[in-house]
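Listed below are the residues making up each chain.
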Amino acid sequence: MSPPLIVTAEAELLDELLRLAAAAGVTPEVAADPGAALRAWTAAPLVVIGLDQAERMLRLGPARRPGLVLATWQGAGEGALRTALALGVAEVVELPKSGRRLVEQLTDLEDPLSPGARVLGVVAGSGGAGATTFACALGQHAARAGPALIVDADPLGPGLDRVLGLEDEPGVRWSDLVETSGHLSGRSLREALPRRDGPAVLTWTGGRVDIPPPAAVREVLSSARRGHDLVVLDLPRSEDPLVDELSARCDQLVVMTRPTVLSLASAARVCARFPRADRQIVVRGRGVDHATVTEVTGVPNVLVMGDQRRLDEWVDLGLGPLVSRRGALARAVAAILDTVSEPRR
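Residues numbered from 1 in each chain as written. Predicted model: local features only at pLDDT ≥ 70, side-chain atom pairs only at ≥ 80, totals over all residues. Heavy atoms only, no water.

(A) Main features of the side chain of Ser 223. Here Ser 223 shows up in helix 9 (residues 214–227). If we skip the residues at most four places from it in the chain, Ser 223 touches Leu 184, Ser 185, Gly 186 and Leu 189. (Helix = DSSP H or I, 4+ residues; strand = E, 2+ residues; numbered from the N terminus. Contact = heavy atoms within 4.5 Å.)

Take a look at the structure:
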């Protein structure tokens, strides 16, 4: 990827911008005037223009582009805003007050949202269906190919760290993100979460649960997509507008159920709550055919999975549910990941 571009001839402003770039771990290209900046204008993922060069850049008339930031000292006045509007600038960064915001933008250049950044939701269609276990298995399988994250959206669940044996691993939990506001760097989140030779997890601490506000949850999910190849959401069955919103942000929704009459009836209610074309039913256990499941739930995409031997033993040992690359669980999660659609932008 090409480096970001800084366009300024003001020595003090350049020193401050280079300091912020160093804090973000990036080395930018520097142009002292608009003419020199044109060579890297379209290739740079982010262009930071100093106010001292903004009028000259405007007269030169470069092509409009996204990722354009105007950097100025605090209190520059309305003239800076008018120039920014004329240039098509996405954001005005007033230094030193907004230096942290610029560091976050530069940091996120290392975490572009790639076509592989998918979000997969898992919800229990009936009690005891093993939705949390299946979500963890999906994350374990995906982590073999790239960064994967499992997000625990069920505050009353067992806790993803316990399922994966990460309860003693240091890292950020939901309680640390309750007061999150503003932009959250994708790389910063990825590096702060607990993990051990597999997927990262974002879950709840034991005891009292502090529910983060919807804005914080949205920012965390956006950051998670920028910093990982796959994000798995372990969703609760509870009626909650935030759960409905999270499910709508998924590229595919997996509904777990058992092969019994009562379980399928419950799964039908859950499917009716999430009326979308990309639902996938996973039946854990034999004894029912695809046609019957489709008739009851109204969902044509059905995967019947046999019970996995030694599953409880593996979880109790802190190994997580997916230890073997063979077996019913491994085949099922591989089949689901192969059918996940392209990510929603």
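(B) Main features of the sheet that holds strand 1 (residues 5–7). With respect to topology, five strands assemble into an open sheet ordered 2-1-3-4-5, the strand pairing being parallel. Of all strands in the sheet, those with a lone pairing partner are strand 2 (29–31) and strand 5 (91–95), marking the two edges. Mean inter-strand twist for the sheet, computed between neighbouring axes without regard to direction, equals 25 degrees. Against the sheet, helix 4 (residues 78–87) engages strand 3 (47–50), strand 4 (68–73) and strand 5, with an angle of about 165 degrees to strand 4. (Pairing = 2+ DSSP bridges. Axes fitted to C-alpha atoms, helices over the stretch in contact; angles between N-to-C directions.)

(C) Summary view of the packing of helix 9 against helix 10 (residues 241–248). Two elements in contact, helix 9 and helix 10, have axes whose closest approach is 11 Å; the angle formed by their N-to-C orientations is 20 degrees. The angle between the axes of helix 9 and helix 10 places the two elements in the roughly parallel class. At the point where helix 9 passes helix 10, the crossing takes the right-handed sense. Of the residues in helix 10, those in contact with Pro 214, Val 217, Arg 218 and Leu 221 of helix 9 are Leu 242, Glu 245 and Leu 246. Taken together, the residues of the contact of helix 9 with helix 10 sort by class into five nonpolar, no polar and two charged. (Parallel < 35°, antiparallel > 145°, perpendicular 65-115°, else oblique. Left-handed = near helix turned anticlockwise from the far one by under 90°. Nonpolar A, V, L, I, M, F, W, Y, C, P; charged D, E, K, R; others polar.)

(D) Inspection of a nonpolar patch on the surface at higher detail. Together, Leu 317, Leu 319 and Val 323 make up an exposed nonpolar region whose accessible area comes to about 270 Å². When you line up the elements, Leu 319 lands in the loop between helix 13 (311–316) and helix 14 (328–339). Its relative accessible area of 43% is what places Leu 319 among the partly exposed residues. (Patch = residues over 30% accessible without salt bridge, like charges linked within 9 Å, V, L, I, M, F, W, Y side chains within 5 Å. Areas by Shrake-Rupley, 256 points an atom, 1.4 Å probe, with all protein chains shown as cover. Salt bridge = Lys/Arg side-chain N within 4 Å of Asp/Glu carboxyl O. Buried < 20%, exposed > 50% of the residue type's maximum accessible area, 1.4 Å probe, protein only.)

(E) Looking closely at the sheet that holds strand 6 (residues 118–124). Spatially, the seven strands line up as an open sheet ordered 8-7-9-6-10-11-12, and their pairing is parallel. What marks the edges here is a single partner per strand, and that holds for strand 8 (200–202) and strand 12 (302–305). Each neighbouring strand pair of the sheet contributes to a mean axis angle of 20 degrees, computed without reference to strand direction. With five bridges joining them, strand 10 (residues 252–257) and strand 11 (residues 279–284) adopt parallel strand pairing. Opposite Val 255, over in strand 11, you have Ile 281 as the bridge partner. Along the sheet, helix 12 (residues 290–297) contacts strand 11 and strand 12; its crossing angle with strand 12, the most-contacted strand, is approximately 125 degrees.

(F) Highlighting helix 6 (residues 131–143). A rise of 1.5 Å per residue sets the reference length of helix 6, with its 13 residues, at 18 Å; its end C-alpha atoms lie 18 Å apart and thus fit the reference within 8%. By the criterion of burial, helix 6 is predominantly enclosed, with ten of the 13 residues buried. When helix 6 is considered as a whole, its buried residues turn out to be Ala 131, Thr 132, Phe 134, Ala 135, Cys 136, Ala 137, Leu 138, Gly 139, Gln 140 and Ala 142. (Expected span 1.5 Å × (residues − 1).)

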